[in-house]
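What follows is the residue order along each chain.
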Amino acid sequence: MHALVEPVVAWFDEHARDLPWRAPGRTAWGVLVSEVMLQQTPVARVEPVWRAWMQRWPTAADLAAAGPDDVLRAWGRLGYPRRALRLQECARTVVEHHGGELPADEAALLALPGIGTYTAAAVTAFARGRRSVVVDTNVRRVLARALEGRALPDPHLSAAELRRAGDVVPDDDATAARWNAAVMELGALVCTARAPRCGACPVATTCRWRLAGMPA
Ligand code: SF4
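Since the model is a prediction, treat every value here as computed from it, not as a measurement.

**Here's the deal with the overall build of the protein chain**
Helix and strand counts for the protein chain come out as 12 helices and 0 strands. For the protein chain, the N- to C-terminal ordering of α and β elements is α-α-α-α-α-α-α-α-α-α-α-α. Scaling as 2.2 N^0.38, a compact globule of 216 residues should have a C-alpha radius of gyration of about 17 Å, and the protein chain matches this with 18 Å. For the protein chain, the C-alpha atoms occupy an extent of roughly 55 × 35 × 30 Å along the three principal directions. When burial is assessed residue by residue, the protein chain has 45% of its 216 residues classed as buried. Counted over contacts in the protein chain with a minimum sequence separation of 6, partners at least 24 positions apart contribute 61%. Surface accessibility of the protein chain: about 10900 Å² in total, with carbon and sulfur atoms responsible for 54%. Looking at charge distribution, the protein chain has the averaged site of its 26 positive side-chain charges lying 7 Å from that of its 23 negative ones.

This is the structure in structure tokens:
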């Protein structure tokens, strides 16, 4: 197993935020809704909207049957409202082609409207507990710093970077899913873009960027 995995997962076990889409009773659909909402909106703004949304439309079928005006109103101030309509389109496809249940297979998730590589991988890990390679800006920043000694990754994700990220993901499903959540959380809470808190970081003693004196 890659040397980063154990310390980062252990840190996550202690410091993970208690978020409703991580609660034991969550559904795969709820996880997908959270991921779409979180794409361009911070957690603090998403959380109350997600709670109200899931109470009103707990399943894909509920959302598929909703009026588009209601959907846009409920999306409220999350921003980029096209995401709400794409999510409803996704819900309709789930109802029409998958009997109302999100498909378990990552490739089938990727074929749904509005679902990109990141979201399909995130749902596979966080909702299904299966191995996938989840790469968002937080994960990219942590790996660029800890493994490559760079302040930030390249502007665009390359195939080579994706492969390197995949090399770190453990083989077994449960640890892989945990690692994906853990490294993302580390980037969100500790290894932030502007003010990394290396004193609170579980990989500070091996982080190449820190050991190199944090070059710009
Ligand atoms: S030691 Fe600092 S820069 Fe390196 S991964 Fe941890 S928080 Fe980020």
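**A closer look at the side chain of Ser34**
Tracing the backbone through its elements, the reader meets Ser34 in helix H2 (residues 28–38). Judged by its relative accessible area of 0%, Ser34 is buried. Filtering out sequence-adjacent residues up to four positions away, Ser34 remains in contact with Trp21 and Trp50.

**Concerning the nonpolar core**
In this structure, Trp29, Trp53 and Trp179 are the most contacted members of the largest nonpolar core, which totals 70 residues. Ranked by residues supplied to this core, first place goes to helix H11 (residues 173–189) with 8 residues. Residue contributions to this core reach at least three from each of two domains, namely domain 1 (5–16 + 132–211) and domain 2 (27–126). With residues near it in sequence (within four places) discarded, Trp29 still touches Met54, Trp57, Pro58, Thr59, Ala60, Leu63, Leu87, Cys90, Ala91, Val94 and Leu102.

**Some thoughts on the side chain of Thr124**
As for its placement among the helices and strands, Thr124 is situated in helix H8 (residues 117–126). Overall, Thr124 belongs to the buried group, its relative accessible area being 1%. Excluding residues that lie within four positions of it along the chain, Thr124 makes contacts with Glu106, Leu109, Gly129, Arg130, Arg131 and Ser132.

**Digging into the packing of aromatic side chains**
Applying the stated criterion to the full structure yields 3 aromatic pairs. Between Trp21 and Trp50, the ring centres sit 5.6 Å apart and the planes meet at 70°, which makes this aromatic pair edge-to-face. Of this pair, Trp21 sits in the loop between helix H1 (5–15) and H2 while Trp50 sits in helix H3 (residues 43–56), and the two are 29 residues apart along the sequence. Residue Trp21 shares its accessibility class with Trp50, and that shared class is buried. Centre to centre, the rings of Trp53 and Trp57 are 4.8 Å apart; their planes meet at 75°, and the pair counts as edge-to-face. Considered together, Trp53 and Trp57 belong to a single accessibility category, that of buried residues. An aromatic cluster is present here, built from Trp53, Trp57 and Trp75 joined pairwise through their rings.

**Regarding H1**
Among the residues making up H1, those that are buried are Val5, Val8, Val9, Trp11 and Phe12. Down the axis, H1 shows its buried residues gathered within 160° of arc, on one side only. Away from its buried face by more than 90 degrees, H1 exposes Glu6, Asp13 and Glu14. Check the buried side of H1 and you find it contacts helix H10 (159–168) and H11.

Parameters at a glance
- Residues numbered from 1 in each chain as written.
- Predicted model: local features only at pLDDT ≥ 70, side-chain atom pairs only at ≥ 80, totals over all residues.
- Heavy atoms only, no water.
- Helix = DSSP H or I, 4+ residues; strand = E, 2+ residues; numbered from the N terminus.
- Rg over C-alpha atoms; globule rule 2.2 N^0.38 Å.
- Buried < 20%, exposed > 50% of the residue type's maximum accessible area, 1.4 Å probe, protein only.
- Contact = heavy atoms within 4.5 Å.
- Areas by Shrake-Rupley, 256 points an atom, 1.4 Å probe, with all protein chains shown as cover.
- Lys, Arg positive; Asp, Glu negative; His and termini not counted.
- Charge placed at Lys NZ, Arg CZ, Asp CG, Glu CD.
- Core = buried A, V, L, I, M, F, W, Y, C linked by side-chain atoms within 4.5 Å.
- Domains from an automatic or database assignment.
- Phe/Tyr/Trp six-rings, centres within 6.5 Å; stacked < 30°, edge-to-face > 60°.
- Arc of directions from axis to C-beta.

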